[in-house]
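Structure at a glance
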Amino acid sequence: MPTLIRIGNSQGVRIPKAIIAQANLHDAELEFKVTDEGLLIHPVKKARHGWKEKFDKVLKSNELQQSDKEWLDAPLVEDGDWEW
């Protein structure tokens, strides 16, 4: 059972390797949340994490709607002149 240990002027907990693997915490930035039951530790999820893989999967599956195809095939810039 982990216990608090002194680390400089702070205290810490050593997390067993098996728990780190099971909770996907290896090399992760962690977030702490105090709850009524105690302390919740979980990895910080980056914004848009995994989006590229999901987009690639959809593109490869050919499950695109016509509106998706039109948007993806649209030119990045218009050839027409801008009016202000």
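Residues numbered from 1 in each chain as written. Predicted model: local features only at pLDDT ≥ 70, side-chain atom pairs only at ≥ 80, totals over all residues. Heavy atoms only, no water.

Describing the pattern of salt bridges
Filter applied, for reference: Salt bridges are defined as contacts in which a side-chain nitrogen from Lys or Arg sits within 4 Å of a carboxyl oxygen from Asp or Glu. Counting from the N terminus, the helices are the DSSP runs of H or I reaching at least four residues and the strands are the DSSP runs of E reaching at least two. Each residue is assigned to one of three classes by its accessible area relative to the maximum for its type, calculated with a 1.4 Å probe on protein chains only: buried under 20%, partly exposed between the two thresholds, exposed over 50%.
With the rule as written, the count across this model stands at one salt bridge. Salt-bridge contacts for Asp 56 lead to Lys 52; the nearest nitrogen and oxygen are separated by 2.7 Å. Taken together, the residues Asp 56 and Lys 52, both in helix α2 (residues 51–61) and four residues apart, mark about one turn of the helix. According to the relative accessible area criterion, Asp 56 is partly exposed, its value standing at 28%.

A short note on the confidence of the model for the chain
Defined as follows: The pLDDT value tells you how sure the predictor is about a given residue, anywhere from 0 up to 100.
Mean pLDDT over the chain: 83, with 88% of residues reaching 70 or higher. No element of the chain has a lower mean pLDDT than helix α3 (residues 66–73), at 74, and none a higher one than strand β3 (residues 30–35), at 94.

Describing the pairing of strand β2 (residues 10–13)
For the record, the criterion: Between any two strands, at least two bridges found by DSSP are needed for them to pair.
Direction of pairing for strand β1 (residues 4–7) relative to β2: antiparallel, over a ladder of four bridges. Residue Leu 4 lies in a different strand from β2, and its bridge partner there is Val 13. The loop that links β1 with its antiparallel partner β2 comprises two residues; one of these, Gly 8, has a positive phi angle of about 65°.

Notes on a nonpolar patch on the surface
Put simply, the rule reads: A residue counts toward a patch only above 30% relative accessible area and without a salt bridge, and it is joined to like-charged neighbours within 9 Å or, for Val, Leu, Ile, Met, Phe, Trp and Tyr, to nonpolar neighbours within 5 Å. We get accessible surface area from the Shrake-Rupley algorithm with a probe of 1.4 Å; when it comes to residues, only the shown protein chains can shield them.
Together, Leu 4, Val 13, Ile 15, Ile 19, Leu 30, Phe 32, Val 34, Leu 39 and Ile 41 give the surface a local cluster of nonpolar side chains, amounting to about 830 Å² of exposed area. Of all the elements in the fold, those that place two or more residues in the nonpolar patch are β3 and β4 (38–43). The greatest single-element share of the nonpolar patch, amounting to three residues, is contributed by β3. Residue placement: Val 34 occurs in strand β3. A relative accessible area of 72% means that Val 34 is categorised as exposed.

Re the packing of aromatic side chains
Aromatic rings in a pair are described by how distant their centres are and how their planes are angled relative to each other. The cut-off we apply is this: The pairing test for Phe, Tyr and Trp rings, Trp by its six-membered ring, is centres within 6.5 Å, and the orientation test on the planes gives stacked under 30 degrees, edge-to-face over 60, and tilted for anything in between.
Going through the model one piece at a time under the given rule, you end up with one aromatic pair. Seen in terms of ring centroids, Trp 51 and Phe 55 are 6.5 Å apart; in terms of plane orientation they differ by 85°. Their pairing is edge-to-face. A residue pair is termed a helical-turn pair when its members lie 3 or 4 positions apart in one helix, as Trp 51 and Phe 55 do in helix α2 at four residues.

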